[in-house]
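# Structure assessment
Chain by chain, the residues run as shown.
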Amino acid sequence: MIQLPLSKLSNVGTTIFSQMTQLANENEAINLSQGFPDFMPDPELLDHVDYFIKKGFNQYAPMGGMITLKEEIARKIENSHQAIYHPDSEITVTAGGTQAIFTAVATFVKKDDEVIIFEPAYDCYEPTVELFGGVVKRFEMKAPDYAIDWTAVRNLVSDKTKMIILNNPNNPSGKILTAQDIQELIAIVKGTSILILSDEVYENIVFDGKQHLSLAKYPELKERTLLVASFGKLFHVTGWKIGYCAAPKALTDEFRKIHQFNVFSVNTPIQLALAAYMKNEAHYNNLGQFFQEKRDFLRKGLAGTSFELLDCEGTYFQALKYDKISDKNDFDFASELTITHKVASVPFSSFYKNKRNDHVIRLCFAKKQETLEKAIENLSRL
Ligand code: GLN
């Protein structure tokens, strides 16, 4: 037996999303843990895929992506955020948001570079930074309001800070950045060479007439920002693993040096199908309303229970505080909920390095009405 080399990520296990989905399946529980829709995407989109596959578009796409799709992405960003990206030299189609994030970190983070993240943080940020020798500095946002203390963030900045990673709207808290937050961020990075990785995969899922403020909107930030988005979230096709990174040419040139060696290019017929489908803006402009109805249905259904519903401004996740029900830690509580009450969730502690336990779990409401009804029924028995 050979001696295994030292693990490059010795503290990392299987992601909480895979773990909870597996536990849900084993226990035949309603899976509100991993964030994916349990309903079909629009048949029109599927027809486009069918068309392009059968028409023979089955070979490699150009490395940065199909031009028709990059043009549609540029148009969407311009219409939504009044920001101009050159389709060919500033937009790269990626195999999902996670690959875009991985590639962005791989491209820019070197040994001992510091990267600031905001917790609760999506689980891939920290291991990716560590893999490339970077050092994570974290600001903890806390229940119930997950506000950002920008003075504390400023104190994390040093001459080694290479990058700030933001997730807006935030998974799992559902918080969105305010105009004031963004002004604070602008003040912090002004005069520095700090890059920003802005994970905006839930950009179109914002509620109650609030506005998603993309960092691309602000010229002071756009010049240093790698903007990441995902078609999985936009069109209910998480399994297609396709997204993109938009960034100024100089950043994109470097990004593609790495991109070409970790995926080369992304699946051709789906890119063409997405481009055709995106011509009609109605296909993505009403997503907030669509998910707001689901959020409101879930919130109304749980209003009479002992769960405390935290604010949900965006994303398709609802945070629930359960301290009136149990004093178990959130991982044990979420496991018990899955096994005994047949509803799977994600414990918030998984999004904190120190496993911070505020007695909060996350439910995904990107589900059919009947799925939500069943989950509400089960959770109402607690
Ligand atoms: N983004 C999804 C979530 O937050 C999960 C993606 C994954 O399983 N890696 O649940």
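Reading the values: rules and limits
Residues numbered from 1 in each chain as written. Predicted model: local features only at pLDDT ≥ 70, side-chain atom pairs only at ≥ 80, totals over all residues. Heavy atoms only, no water. Helix = DSSP H or I, 4+ residues; strand = E, 2+ residues; numbered from the N terminus. Buried < 20%, exposed > 50% of the residue type's maximum accessible area, 1.4 Å probe, protein only. UniProt positions renumbered as here; feature names shortened; annotations may be inferred. Pairing = 2+ DSSP bridges. Axes fitted to C-alpha atoms, helices over the stretch in contact; angles between N-to-C directions. Contact = heavy atoms within 4.5 Å. Salt bridge = Lys/Arg side-chain N within 4 Å of Asp/Glu carboxyl O. Parallel < 35°, antiparallel > 145°, perpendicular 65-115°, else oblique. Left-handed = near helix turned anticlockwise from the far one by under 90°. Near = heavy atom within 4 Å. Polar contact = N/O pair within 3.5 Å; in protein donor to acceptor, adjacent residues only side chain to side chain. Areas by Shrake-Rupley, 256 points an atom, 1.4 Å probe, with all protein chains shown as cover. Nonpolar A, V, L, I, M, F, W, Y, C, P; charged D, E, K, R; others polar.

## Some details on the environment of A344
Locating A344 in the fold gives a position in strand β11 (residues 343-344). A344 sits in the buried class, given a relative accessible area of 0%. For A344 and E373, which are 29 residues apart along the polypeptide, the C-alpha to C-alpha distance reads 14 Å.

## Observations concerning the UniProt feature "domain: Aminotransferase class I/classII large" (unreviewed entry) in the protein
UniProt feature "domain: Aminotransferase class I/classII large" (unreviewed entry): in the numbering of this structure it lies at residues 29-379. End C-alpha to end C-alpha, residues 29-379 measures 12 Å, and it is 41% helix and 16% strand.

## Some points on the sheet that holds strand β2 (residues 91-94)
Reading across the sheet, the 7 strands line up as β2-β8-β7-β6-β5-β3-β4 and stay open at both edges, with mixed pairing between neighbours. Looking along the sheet, the strands with just one partner apiece sit at the ends: β2 and β4 (135-140). Between one strand axis and the next, the sheet turns through 20° on average, direction left out of account. Of the pairings in the sheet, the one linking β2 to strand β8 (residues 243-246) comprises 4 bridges and is antiparallel in character. Residue T92 lies in a different strand from β8, and its bridge partner there is C245. Contacts from helix α11 (residues 249-262) reach β2, β6 (195-199), β7 (225-230) and β8 within the one sheet, and its direction differs from that of β2 by about 25°.

## What to know about the pattern of salt bridges
Inspection of every chain in the model, using the stated rule, returns 22 salt bridges. The salt bridge partner of R138 is E119, with a shortest N-O separation of 3.0 Å. Pair noted here: R138 is in strand β4 and E119 is in strand β3 (residues 114-119), with a separation of 19 residues, a long-range link. Of the residues examined, R138 reaches a relative accessible area of 26% and is grouped as partly exposed.

## Some words on the packing of helix α2 (residues 43-54) against helix α12 (residues 268-278)
The angle between the axes and the distance between the axes are what describe a pair of packed helices. Interhelical geometry of α2 versus α12 gives an angle of 135° and a closest axis separation of 8 Å. Here α2 lies oblique to α12, going by the angle between them. With respect to the hand of their crossing, α2 and α12 are arranged in right-handed fashion. Here E44, L45, H48, V49, F52 and I53 of α2 come into contact with α12, specifically with P269, I270, L272, A273, L274, A276 and Y277.

## A few points about the site of the ligand
Taken together, the residues surrounding the ligand are F17, Q34, G35, Y122, N171, Y202, K233, F317 and R362. Contact between the ligand and Q34: an oxygen atom at 2.7 Å from a side-chain N or O atom of the residue. Note that an oxygen atom of the ligand is positioned 2.7 Å from one of the backbone N or O atoms of G35. Its free accessible area being 300 Å², the ligand has 80% of it covered by the protein chains. In the shell around the ligand, the residues fall into 4 nonpolar, 3 polar and 2 charged.

## With respect to the sheet that holds strand β9 (residues 308-309)
The strand order across the open sheet built from 4 strands is β9-β10-β13-β12, with neighbouring strands paired in antiparallel fashion. Either end of the sheet is taken by a strand with one partner, and the two such strands are β9 and β12 (346-347). The pairing of strand β10 (residues 317-321) with strand β13 (residues 360-364) spans 5 bridges and is classified as antiparallel. Its bridge partner being in β13, A319 is matched across the sheet by R362.

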